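# Working through the structure, step by step
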Amino acid sequence: MDAADEPLLELRAVMARLRAECPWKAEQTHRSLVRYLLEETHETVEAVDRLEAGEPGALEHLREELGDLLLQVYFHAAVAAEAGGFDIDDVARGITDKMLRRNPHVFGDEVGGMRDAAAVNERWQQIKAAEKSGRTTVDEGVPDGLSALLYADKVLDRLHRAGRDVDLRPGSADLGERLLALVEEARADGVDPEQALRDAVRRRT
């Protein structure tokens, strides 16, 4: 099959040629590409917000931003492959295997056993926790680069799952303690605190 007959294969071929023939692309590393991965991620989030706000052309804008984000995945995979590591097929294979493992209600021996989204998420978290059972601290594996709201949300979730008491002080004189209590309030209400704050800010712009 010619690469042009399959968009993902064509993108792989384009990426390989760019790495071989474009001086700027050829000198990039995983580290130098991080800033672009972050930029494209934030631009994709912004495109989703624009779509939710019903802005004209937002869906096409989201398609474009997802393409830019996909390019970053292929770029990192190409760099790794040249170093004798993984390639884009390994990336796809790895995430496919993970989906098969963590969705037993679709692919495994629990088919038809869960029809509720909350139950599905809980089962996902149980399987993930079993896979990561070697963690020694509650925040191990939580990226330091997450926004404070997302970081707090993930750590609170892990604390609750571990059965650890969380001493929250919504009336505290400490602003951080009050913010943490608000994140817990959002969790209890099933609200994404990061998205809620972003929506509130956008309503005032």
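Above this note sits the structure.
All values derive from a computational prediction rather than experimental measurement.

### Digging into the overall build of the protein chain
Summing up its helical and strand segments, the protein chain has 10 helices and 0 strands in all. Listing every helix and strand of the protein chain by position from the N terminus yields α-α-α-α-α-α-α-α-α-α. Restricting the contact set of the protein chain to residue pairs at least 6 apart, pairs at least 24 apart contribute 48%. If you sum the accessible surface of the protein chain, you get close to 13,800 Å²; carbon and sulfur atoms cover 56% of it. Between the mean site of the 28 positive side-chain charges and the mean site of the 42 negative ones, the protein chain shows a separation of 3 Å.

### Quick look at the packing of helix α8 (residues 148–161) against helix α9 (residues 175–188)
Where α8 contacts α9, the axes come no closer than 10 Å and their chain directions differ by 65 degrees. One element, α8, and the other, α9, form an angle in the roughly perpendicular class. At the point where α8 passes α9, the crossing takes the right-handed sense. Of α9, the residues touching α8 (which contributes L149, A152, D153, L156, D157 and H160) are L180, V183, E184 and R187. Residues belonging to the contact of α8 with α9 are distributed by class as follows: 5 nonpolar, 1 polar and 4 charged.

### Considering the environment of D192
With respect to the helices and strands, the residue D192 is situated in the loop between α9 and α10 (193–202). A sequence separation of 42 residues divides D192 from L150, and the C-alpha atoms of the two residues are 8.4 Å apart. Of note is the side chain of D192, whose polar atom sits 3.0 Å from the backbone nitrogen of E194.

### Digging into the packing of aromatic side chains
The final tally for this structure, using the stated rule, is 1 aromatic pair. Arranged with centres 5.7 Å apart and planes meeting at 75 degrees, the rings of W24 and Y36 form a pair that is edge-to-face. Of this pair, W24 sits in helix α2 (residues 23–26) while Y36 sits in helix α3 (residues 30–52), placing them 12 residues apart in sequence. We classify W24 as partly exposed; its relative accessible area is 38%. Classification of Y36 by relative accessible area gives partly exposed; the value is 24%. Over the ring of W124 we find R102; its NZ or CZ atom is 5.1 Å from the centre of that ring.

### A word on the side chain of Q28
Relative to the assigned elements, Q28 resides in the loop between α2 and α3. Looking at Q28, the relative accessible area reads 8%, which means it is buried. A polar contact of 2.8 Å, which involves the side chain of Q28, links it to the side chain of S32. Beyond its immediate sequence surroundings of up to four residues, Q28 is in contact with R19, L33, Y36, F75 and V79.

### Observations concerning the pattern of salt bridges
Within the structure shown, the criterion is met by 21 salt bridges. When the shortest N-O distance is used, the salt bridge between E60 and R63 registers 2.5 Å. Here R63 and E60 lie together in helix α4 (residues 58–82), a separation of 3 residues that amounts to about one turn. Put simply, E110 and R123 hold a salt bridge, and the shortest N to O gap is 3.0 Å. Linking E110 in the loop between α6 (104–107) and α7 (117–131) with R123 in helix α7, this pair joins segments that are 13 residues apart in sequence.

Rules used in this analysis
- Residues numbered from 1 in each chain as written.
- Predicted model: local features only at pLDDT ≥ 70, side-chain atom pairs only at ≥ 80, totals over all residues.
- Heavy atoms only, no water.
- Helix = DSSP H or I, 4+ residues; strand = E, 2+ residues; numbered from the N terminus.
- Contact = heavy atoms within 4.5 Å.
- Areas by Shrake-Rupley, 256 points an atom, 1.4 Å probe, with all protein chains shown as cover.
- Lys, Arg positive; Asp, Glu negative; His and termini not counted.
- Charge placed at Lys NZ, Arg CZ, Asp CG, Glu CD.
- Axes fitted to C-alpha atoms, helices over the stretch in contact; angles between N-to-C directions.
- Parallel < 35°, antiparallel > 145°, perpendicular 65-115°, else oblique.
- Left-handed = near helix turned anticlockwise from the far one by under 90°.
- Nonpolar A, V, L, I, M, F, W, Y, C, P; charged D, E, K, R; others polar.
- Polar contact = N/O pair within 3.5 Å; in protein donor to acceptor, adjacent residues only side chain to side chain.
- Phe/Tyr/Trp six-rings, centres within 6.5 Å; stacked < 30°, edge-to-face > 60°.
- Buried < 20%, exposed > 50% of the residue type's maximum accessible area, 1.4 Å probe, protein only.
- Lys NZ or Arg CZ within 6 Å of the ring centre and 35° of its normal.
- Salt bridge = Lys/Arg side-chain N within 4 Å of Asp/Glu carboxyl O.

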